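Commentary on secondary and tertiary structure
Listed below, chain by chain, are the residues.
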Amino acid sequence: MNKVHIGIFGKRNQGKSMLINALAGQNIAIVSNVPGTTTDPVKKSMEIFGIGPCVLVDTAGLDDSGEVGKKRVAKSLESLKIIDIALLLISNNQFGEDEKELIKQFNSFELPYIIVHNKADLQVLNPQCRSQLEAYGAPVIDCSAATLQGLDELIQAIVKTTPASAYSKENLLDDIIHEGETIVLVMPQDSEAPEGRLILPQVQVIRNILDNKAIAICLQPSELSTYLAIHQPDLIITDSQVFGEVSKIVPDSIPLTGFSIVLARSKGNFEHFLKGTQQLRQLRDGDTILMLESCTHLSSCEDIGRHKLPRLIQQFTGKQLNFQFVAALSPLPSLDNISMAIQCGGCMVTKRQLMNRMKEIISKKIPVSNYGMTLSLVNGIFDRAIKVFSK
Ligand SMILES: Nc1nc2c(ncn2[C@@H]2O[C@H](COP(=O)(O)OP(=O)(O)OP(=O)(O)O)[C@@H](O)[C@H]2O)c(=O)[nH]1
Ligand SMILES: [Mg+2]
């Protein structure tokens, strides 16, 4: 099950950090009467009685000014992409432009929110302010992070307002595999693999196979032929980097796909990726491709996105292309002259994050693909790799 991500926003000194501590029932965020105490978004994983496992995201005050302050505000707004529900904190019956602007942002991300009037122990929400707030249609809760009054009501409102999609797990193979089937996973453990453990997509797929009461066989490419000489698995999922090599070994009678394609499907926009990948066949000299990365620390992904893929795409198309790279979910550059965008697998980010990132690109009708699908297309096995999903 996914953890619900709850973001807390508001001007400085409204009690955002104190409310997080109140919800968590422990002191985890720094609280002080100096405005601007929280500078960067802080994510805390916790279990809240009544809500269950969740991640609370504390943010810097929205009214922070100056050059650094503005950067902090921008950082706070970046958190909108990863959360499922937002709490907008005010106090002292003060509701102004900053808050209205924030609500506009919530709406543009289609993000459900709750307006929380905090510090009710000092001043309760007056009827006039309450009716102004209620006009937005979101729940309005009067509470105090200091005395905990109204906290139960807030928790109930969070539970009621959180969309079901926040809890739903990403569907990996539930509709593809069946109880008792054998799935072979081709997982090279080369110098790019992390020491002593498996990478997240592999772990997720193994878990999903077990959840479906199917059988996972893990092997490296060098053992595949030997295995297939005596066994006939129901499906083979390979690391996309060895797609070409593996597809030559696997007979046509056995369905074959890639981890990155399985993962891409679970992160949404799959139909757009299916269609957009075909754009690789249409590229022309001088076209610019936007390469979208999601994390900062997986050097093997960086190597694929920055070097391997551009080289393979050049070879495949025979065209002179430009590549523009966007690191670690950074804001998108101008999309004016972009011919297509290729997103990394996004194994370290949530479905919501990826969907939000792709939203603007897709709305501009720019074709989108991802690393795995691009790799399979340039290796000539795209049609084969997506077949299992196009029933
Ligand atoms: N009386 C009372 N004081 C509160 C309440 N919530 C917060 N405070 C006080 O308000 C001040 C600011 O609280 P913080 O939680 O640090 O506020 P913040 O919104 O995180 O502020 P920044 O990190 O600066 O943006 C502290 O002095 C808290 O003790 C409350 O419900 N009642
Ligand atoms: Mg704070």
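Conventions adopted
Residues numbered from 1 in each chain as written. Chains lettered and ligands numbered in written order. Predicted model: local features only at pLDDT ≥ 70, side-chain atom pairs only at ≥ 80, totals over all residues. Heavy atoms only, no water. Domains from an automatic or database assignment. Buried < 20%, exposed > 50% of the residue type's maximum accessible area, 1.4 Å probe, protein only. Helix = DSSP H or I, 4+ residues; strand = E, 2+ residues; numbered from the N terminus. Arc of directions from axis to C-beta. Pairing = 2+ DSSP bridges. Axes fitted to C-alpha atoms, helices over the stretch in contact; angles between N-to-C directions. Donors = N, O, S within 2.8 Å, 3.2 Å for Na, K, Ca; no water.

A word on the domain arrangement of the chain. With domains assigned, the chain is organised as domain 1 (4–166), domain 2 (182–263) and domain 3 (271–384). Each of domain 1 and domain 2 has a C-alpha centre, and the two are 44 Å apart.

In an α-helix there are 3.6 residues to a turn, and that puts residues three or four apart on one side. Where helix H7 (residues 221–230) is concerned, the buried positions are Pro 221, Leu 224, Tyr 227 and Leu 228. Viewed end-on, H7 has its buried residues packed into an arc of 95°, placing them on one side of the element. Opposite the buried face of H7, by more than 90 degrees, sit the exposed residues Ser 222, Thr 226, Ala 229 and Ile 230.

With that settled, consider the sheet that holds strand S10 (residues 256–258). For sheets, the rule is that strands pair by backbone hydrogen bonds, running either parallel or antiparallel. Across the sheet, which stays open at both edges, the 4 strands sit in the order S8-S7-S9-S10 with parallel pairing between neighbours. Where the open sheet ends on each side, the last strands, each with one partner, are strand S8 (215–219) and S10. Direction aside, the axes of adjacent strands within the sheet are offset by 25° on average.

Coordination sphere of the magnesium ion (ligand 2), protein contribution only: Ser 17 (OG) and Thr 38 (OG1), at 2.0 to 2.2 Å. Taken together, the residues span a long stretch of sequence, with Ser 17 in helix H1 (residues 16–24) and Thr 38 in the loop between H1 and strand S2 (42–48) at a distance of 21 residues. Assigned by exposure class, Ser 17 and Thr 38 land together as buried.

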